[in-house]
Amino acid sequence: MGGTEPEDGETGERRVEATGKILHLSRKMPAARRRQVAPNSVIGILIFVIAELMFFGGLISAHTIVKSSAIAGWPPPGQPRLPASETLINTAALIISGFVLYYARRRYVQSAALARRPLLIAMLLGAFFVIFQGVEWAALLREGLTLTSSTHGGFFYLIIGLHALHAIAALLVLFWAYTRLLRNDLVLSQLVTVEIFWYFVVGLWPILYWRVYL
Amino acid sequence: MGMKAAVALVVGLGASTAYACPVCFSAKDEAQRQAFFDTTIFLTLLPLVLIGGVIYWVARRSRQLDAESGAVTTPAQRVTAVDPESASGSLGRAPGR
């Protein structure tokens, strides 16, 4: 054809001379593609949630092994049974709070002021869950289930206690988001970050309930 | 050669079995063996699912942003005509300059 086609190996670009013009065939990514797919806070919370899920995965696995090797049955003789039916109430409250928070974000996209009430309701439902858990723990302690009474007690307070700690932390973050919302100072990425943390707390709970309580 | 073969035979026959997961074979009954098996599968798949999920989400979000901004480029669009006189940089410069 008469045109030369030199290749530049370092940059990965190629030029073609033809009819007095130089054509660039760029293999580089266009500049517009180099952009952030999600805010740093969202990526950060996702990494945190993945690490926490692995942590809880290890705890659940250990609990499963110990439970399967209990010769005299589970819970061990002399240890109280966990209040599975009563805990269904706060399980429901926690799951509903997740849906309400999702609704709050949908409302926030329309108008920040519209998200105030659903965010408050989600927070109150979360607080109900934590308080109910505290009442349940007090009753179990009175019945003799302590951290050192048996492996049953040890695993219960470790797994459920760590989840409660996460629930309290997520509640505090929800409260922080709510106060910012009241000041019209909350941005969407902050709300989404808080939302992911709360979904982690909500989504993990049914698995823990199934493995530990049932 | 014969000595080496004899040593290899003695070592080969004398070695005991090494399990990849020694814990899994210490199960006392079927329930415990099943628990070891289930948790091994669970802990193997969990990080793959989590990291794979994030990669899938990032890829999908990236495509979504591309679609929103109309920045999806085809190979034909990436071929841009450059005038040799106005081109700058080593690739844009006409040969011999």
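Refer to the structure above for everything that follows.
Described in the following lines is the structure provided in the data block. What you see as residue numbers is a count from 1 along each chain, following the sequence as written. Think of it this way: whatever chain is written first is A, whatever ligand is written first is 1, and the rest follow in order. This being a predicted model, a pLDDT of at least 70 is required before a residue's local features are given, and a value of 80 or more before pairs of side-chain atoms are given or counted; all residues contribute to the totals for chains, interfaces and linings. To obtain the side-chain values, all non-hydrogen atoms of the structure were included, while hydrogens and water were left out.

1. What to know about the overall build of chain A
Line of reasoning, step 1. Secondary structure is summarised from DSSP: a helix means a run of H or I of at least four residues, a strand means a run of E of at least two, and numbering begins at the N terminus for each. Check the secondary structure of chain A and you find five helices and three strands.
Line of reasoning, step 2. Written out in order from the N terminus, the α and β elements of chain A read β-β-β-α-α-α-α-α.
Line of reasoning, step 3. Within chain A, counting contacts between residues at least 6 apart in sequence, those at least 24 apart form 71% of the total.
Line of reasoning, step 4. As presented, chain A carries roughly 11200 Å² of accessible surface, and 67% of it is formed by carbon and sulfur atoms. Note on contacts: a residue pair is in contact if any heavy atoms of the two residues lie within 4.5 Å. Shrake-Rupley sampling with a 1.4 Å probe provides the accessible areas, and residues are treated as covered by the protein chains on show and by no other component.

2. Section: the overall build of chain B
Line of reasoning, step 1. Along the backbone of chain B there are four helices and one strand.
Line of reasoning, step 2. Mapped from its N terminus to its C terminus, chain B presents α and β elements in the order α-α-α-β-α.
Line of reasoning, step 3. Here the term buried applies to any residue with accessible area under 20% of the maximum for its type, exposed to any over 50%, and partly exposed to those in between, with areas from a 1.4 Å probe on protein chains only. Every one of the 97 residues in chain B was classed for burial, and the buried ones make up 15%.
Line of reasoning, step 4. Just so you have it, chain B exposes about 7300 Å², and 66% of that area is on carbon and sulfur atoms.

3. Digging into helix α4 (residues 151–182) of chain A
All names here are of chain A.
Line of reasoning, step 1. Between the first and last residue of a helix there are one fewer steps than residues, each counted as 1.5 Å, and that sum is the expected span. Taking 1.5 Å per residue as the helical rise, α4 with its 32 residues ought to reach 46 Å, and the 46 Å between its terminal C-alpha atoms agrees with that figure.
Line of reasoning, step 2. Pairs of N or O atoms are called polar contacts if they sit within 3.5 Å, as long as, within protein, a hydrogen donor faces a hydrogen acceptor (for residues adjacent in sequence, only side-chain-to-side-chain pairs). In this structure S150 caps α4, since a side-chain oxygen of it lies 3.3 Å from the backbone nitrogen of H152.
Line of reasoning, step 3. Positioned one or two residues after α4, N184 has a phi angle of 55°, which is positive.

4. Some remarks on unusual backbone geometry
Residues and elements named next belong to chain A.
Line of reasoning, step 1. The peptide bond linking W74 to P75 adopts the cis configuration, its omega dihedral lying at 0°.
Line of reasoning, step 2. By the element assignment, P75 lies in the loop between α1 (40–68) and α2 (84–110).
Line of reasoning, step 3. Here the phi dihedral of N184 falls at roughly 55°; this positive angle occurs in a residue that is not glycine.
Line of reasoning, step 4. Taking the relative accessible area as the measure of exposure, N184 reaches 58% and is therefore exposed.

5. So, the packing of aromatic side chains
Residues and elements named next belong to chain A.
Line of reasoning, step 1. Under the pairing criterion, centres of Phe, Tyr and Trp rings, with the six-membered ring standing for Trp, must be within 6.5 Å; the plane angle then separates stacked pairs below 30 degrees from edge-to-face pairs above 60, leaving the rest tilted. Using the criterion set out here, one finds 12 aromatic pairs over all chains in the structure.
Line of reasoning, step 2. With 5.8 Å between their ring centres and 75° between their planes, F156 and Y213 make a pair best called edge-to-face. Separated by 57 residues along the polypeptide, F156 in helix α4 and Y213 in helix α5 (residues 188–213) bring together distant segments of the chain. Here the two residues F156 and Y213 agree in accessibility, since each one is buried.

6. A short note on the packing of α4(A) against α5(A)
Residues and elements named next belong to chain A.
Line of reasoning, step 1. The contact between α4 and α5 brings their axes to 10 Å, and the two run at 155°. Considering their axes alone, α4 and α5 lie roughly antiparallel with respect to each other. Judged by the sense of rotation from one axis to the other, the crossing of α4 with α5 is left-handed. Lines are fitted to the C-alpha atoms to define the axes, a helix being fitted only along its stretch in contact, and any angle between axes, read from their N-to-C directions, falls within 0 to 180 degrees. Should an angle fall under 35 degrees it is taken as roughly parallel, and over 145 as roughly antiparallel, whereas 65 to 115 is taken as roughly perpendicular and any remaining angle as oblique. Should the near helix be turned counterclockwise from the far one by less than a right angle, the crossing is left-handed, whereas a clockwise turn marks it as right-handed.

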